[in-house]
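# Fold and contact review
Here are the chains, one letter per residue:
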Amino acid sequence: MNKIIKKVQYSEKVFRFDVEAPLIAKSRKAGNFVIIRVDNNSERMPLTIADADIEKGTITLVVQKVGLSSTKLCALNEGDEIHDVVGPLGNPTHIENFGTVICAGGGVGVAPMLPIIKALKAAGNRVLSVIAGRNKDLVIMEDEVRASSDELIIMTDDGSYGEKGVVTVGIEKFINQEHIDKVFAIGPPIMMKFCCLLTQKYNLSTDVSLNTIMVDGTGMCGACRLTIGGKTKFVCIDGPEFDGALVDWDEMFKRMGTFKDVEREEMEHFEEHLATVDAGKKKETTDVTMDVEPTDASIEELTDRNAEWRKELRASMKAKERTAIERVKMPELDPLYRATTRTEEVNIGLTKEMALTEAKRCLDCPKPTCMEGCPVSINIPSFIKNIERGQFLAAAKVLKNTSALPAVCGRVCPQEKQCESKCVHLKMNEPAVAIGYLERFAADYERQSGNISVPKCDEPNGIKIAVVGSGPSGLSFAGDMAKKGFDVTVFEALHEIGGVLKYGIPEFRLPNAIVDVEIKNLQKMGVKFITDCIVGKTISVKDLEEQGFKGIFVGSGAGLPNFMNIPGENALNIMSSNEYLTRVNLMDAANPHSDTPINLGKKVVVVGGGNTAMDSCRTAKRLGADVTLVYRRSEAEMPARLEEVKHAKEEGINFFTLHNPKEYEADDKGAVKAVVLDVMKLGKPDASGRRRPETTGETITLECDQVIVAVGVSPNPLVPQSIEGLELGRKNTIAVNDQMQSSIEEIYAGGDIVRGGATVILAMGDGRKAALNMSEKLLNKK
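Let me sum up the structure you'll find in this document.

## Description of the pairing of strand 29 (residues 706-709)
Burial along strand 29 is two-sided: the face carrying Q706 and I708 and the face carrying V707 and V709 are both buried. Sheet topology places strand 22 (residues 574-576) next to strand 29; three bridges connect them, and they run parallel. Directly across from S576, in strand 29, lies its bridge partner V709.

Spelled out as structure tokens, the structure:
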């Protein structure tokens, strides 16, 4: 929460807020912006920082009441709190002594121009400022601008103050008055466009600050992308300032209107958005009962293959009897029904009888090959044997001894490619033991029974550890370090803990409540979480070191979405899977009471063949669309889990394999109306071992009104590039050695920021490995 210290009304719809944000005030520079969320139901809204007071710990924001979120913000008063403020974001303005510069601000654009004016003046420039408004009442911050400018021209459309005319009139007056070296312009997009058209006539370089549609503001969603100099750029990562001559202004005007109709409807129901929609979370219970008294045995006894209880269990059935048992089938919701609900899980979970029977299939091998396939080294036979003897809480205890997220892994990990792929049953041409289903059963029973155990932790050693990112690798690392007695703090850029587990995976596959319970368990172990804090922006690695953190683990993920760079890809209603799923999952945009807008397509095309593509398809289906999946290879080469493909087909997703987008067609409003597809064929295998897709020369055109691009992600450069001296690998990944240690001794990394894209369980394995190695080094130093 960030308290409003001061509120000033400039005009009927323009307000200034001084907001408590000491870390942002300390680290912000001219040109930076913040993302705010007014309340728990609000969208994430970008606002440029107009000023900052380090001593008071405040930042200044100037807001014009336009849409739903800005109207809610402007209704707040001194003493009220803004739910979330995160920043500073974006690249700061490049400041140097250019000579003589013109700084032009229109409307509320004067506010973000002010710190640039101050910085340019401090760098020794002669600063000529032009500020403008439609009338006298809309001219803001005149005294502040005048104080840092060598000359000031004020323009008003109606001539009620200063000179009559628009901003460009004042700019041209200065150009004709003396030699100009550079121009800066901030204001409404149409104003900035005409400023650039004017300055191009005089061959003057002009920087503009673009305030586009955003969701996260850290490069994760791709919503802010624009064509700059013929190339797609992300405003929040590459900007927000660009050479105005390179901006595709017409594209920007159209993209800024993406949610115009939706936002108009939201304003018509403004009062409904003021009411909280936080329904009380239902307390989970279970009808499953244990037929035995819970054991209080130690983890050593629970995992000892030679314990008496374990020997008796093996002797109770012959191996032939165990292999004769048919593998359990996961109960599922009816496909027609489940395709209408976003929050009910497709997989219902095993019954007690199913779990007990499936557990008997495990042969309790003396050398369990299944464990070789588990990246986090879960003692698989031990937790299964505890289920078999009816000790479900003990099974959960065994799982949590090595896995920080058993209920999560039991749902989303590709067990069929990992632990189950090593099961000895496969050598007998029988289905593997359903390890994933049993893992989920044990974790769910513990949670639903209310008897949640906390892993035993060593005595506190006083060594502070920082974790960057609260995704799977960060949570796994944090859990292991807490067990070893370290003082662990996790820094998360978003307003929710969980990373991709929250924003990327739909609730019908992984309910948020499940993730929250796992996080609370880590908090009980002593792990601290700080949201809305970007390491590398809000605070630096140097700041962490000065605060006494002796080790840092970077698990910031690979949130930068990939696009195909084909014609028409920046048309309206073409979005990355990250943006789409974040709007729906994290921001609850499909809820009519949520402020975050979303356009609901009727004919949706999803491009890709991985789990994220399946999640996007199935989400769009639940939001009422006719959905077609387009994938360039055949179904046999799809990287998605077989279960996800099966579920998607059952729910009515149309599969269009051996096709690949070539270009998009847009209507007269700039919205996508069709996709032109290359018809593909499979050639020889590529480096991945899959047959390479090749074009046949044929194309077909598919009508659509929304496209979701799910062709992978790249490591977000925001964190790696902010750490001086850090060695980077391919595509901005962090280079690490076998111990997960980076080129900087105290910094370790894991997960997608190292791998470039991987599964939840592989990321968790990296976190565990890094924790093992970092803890050894730090404890040896002590």
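Having put the structure on the table, let's press on.
## What to know about the packing of aromatic side chains
The full count for this structure, using the stated rule, is eight aromatic pairs. Seen in terms of ring centroids, F15 and F17 are 6.5 Å apart; in terms of plane orientation they differ by 35°. Their pairing is tilted. When sorted by exposure, F15 lands in the same class as F17, which is buried. Taken together, the ring pairs in this structure connect F392, F441 and Y445 into an aromatic cluster. Over the face of the ring belonging to F98 we find K182, whose NZ or CZ atom lies 5.5 Å from the ring centre. The lysine or arginine in question, K464, covers the ring of F549, its NZ or CZ lying 4.4 Å from the ring centre.

## Let's talk about the sheet that holds strand 22
A sheet is described by the order of its strands in space; here five strands give the open sequence 22-29-23-24-25, paired in parallel fashion. Because the sheet does not close on itself, it has two edges, and the strands there are strand 22 and strand 25 (654-657). Across this sheet, the average inter-strand angle for adjacent strands is 20°, counted without regard to direction. Along the sheet, helix 24 (residues 577-586) makes contact with strand 22 and strand 29, crossing strand 22 at roughly 85°.

## Structural notes on the pattern of salt bridges
Using the criterion set out here, one finds 51 salt bridges in the structure. Across the salt bridge formed by E144 and R16, the nearest N and O atoms sit 3.8 Å from each other. Placement of E144 in helix 4 (residues 142-147) and of R16 in strand 2 (residues 14-20) is noted, with a sequence separation of 128 residues between them. Given a relative accessible area of 28%, E144 falls into the partly exposed group. The class for R16 is buried, based on a relative accessible area of 16%. In this structure, the salt-bridge partner of D444 is R411, at a minimum N-O distance of 2.8 Å. Of the two residues, D444 sits in helix 19 (residues 435-449) while R411 sits in helix 18 (residues 406-412), which places them 33 residues apart along the sequence. Here the two residues D444 and R411 agree in accessibility, since each one is buried. The structure contains a network of salt bridges with shared partners spanning E332, R338, R509, D615, R618, R622, E644, K646, E650 and E651.

## Side note on the packing of helix 20 (residues 472-483) against helix 28 (residues 760-781)
Helix 28 packs onto helix 20 with a crossing angle of 35° between their chain directions and a minimal axis gap of 7 Å. Relative to helix 28, the crossing made by helix 20 is right-handed. Facing helix 20, whose interface residues are P472, S473, S476, F477, D480 and M481, helix 28 presents V760, A763, M764, G767, R768, A770, A771, M774 and S775. In terms of residue class, the contact of helix 20 with helix 28 is made up of nine nonpolar, four polar and two charged.

## Description of the environment of L302
Position of L302 among the secondary structure elements: in helix 11 (residues 299-302). For the pair L302 and K385, spaced 83 residues apart in the sequence, the C-alpha separation amounts to 9.2 Å. Setting aside chain neighbours within four positions, we find L302 in contact with T295, A297, W309, R310, S382, N386, R389, A394, K397 and V398.

## Quick notes on the sheet that holds strand 31 (residues 747-749)
Spatial ordering of the open sheet is given by 19-18-17-20-31, a layout of five strands whose pairing is parallel. Each edge of the open sheet is held by one strand with a lone partner, namely strand 19 (528-530) and strand 31. Strand after strand, the sheet turns through a mean of 25° between neighbouring axes, direction not considered. Strand contacts of helix 20: strand 17 (464-468), strand 18 (487-491), strand 19 and strand 20 (549-554), with the helix running at about 165° to strand 17, the strand carrying the most contacts. This element, helix 28, spans strand 17, strand 20 and strand 31 of the sheet and lies at about 165° to strand 20.

## Brief notes about the state of the cysteines
Per the counting criterion, the structure on display carries zero disulfides. With no disulfide of its own, C365 lies closest to C362 among cysteine sulfurs, the gap being 6.4 Å. There is no disulfide at C423, and the cysteine sulfur nearest it, in C370, is 6.8 Å away.

Each value, and the rule that gives it
- Residues numbered from 1 in each chain as written.
- Predicted model: local features only at pLDDT ≥ 70, side-chain atom pairs only at ≥ 80, totals over all residues.
- Heavy atoms only, no water.
- Buried < 20%, exposed > 50% of the residue type's maximum accessible area, 1.4 Å probe, protein only.
- Helix = DSSP H or I, 4+ residues; strand = E, 2+ residues; numbered from the N terminus.
- Pairing = 2+ DSSP bridges.
- Phe/Tyr/Trp six-rings, centres within 6.5 Å; stacked < 30°, edge-to-face > 60°.
- Lys NZ or Arg CZ within 6 Å of the ring centre and 35° of its normal.
- Axes fitted to C-alpha atoms, helices over the stretch in contact; angles between N-to-C directions.
- Contact = heavy atoms within 4.5 Å.
- Salt bridge = Lys/Arg side-chain N within 4 Å of Asp/Glu carboxyl O.
- Left-handed = near helix turned anticlockwise from the far one by under 90°.
- Nonpolar A, V, L, I, M, F, W, Y, C, P; charged D, E, K, R; others polar.
- Disulfide = S-S within 2.5 Å.

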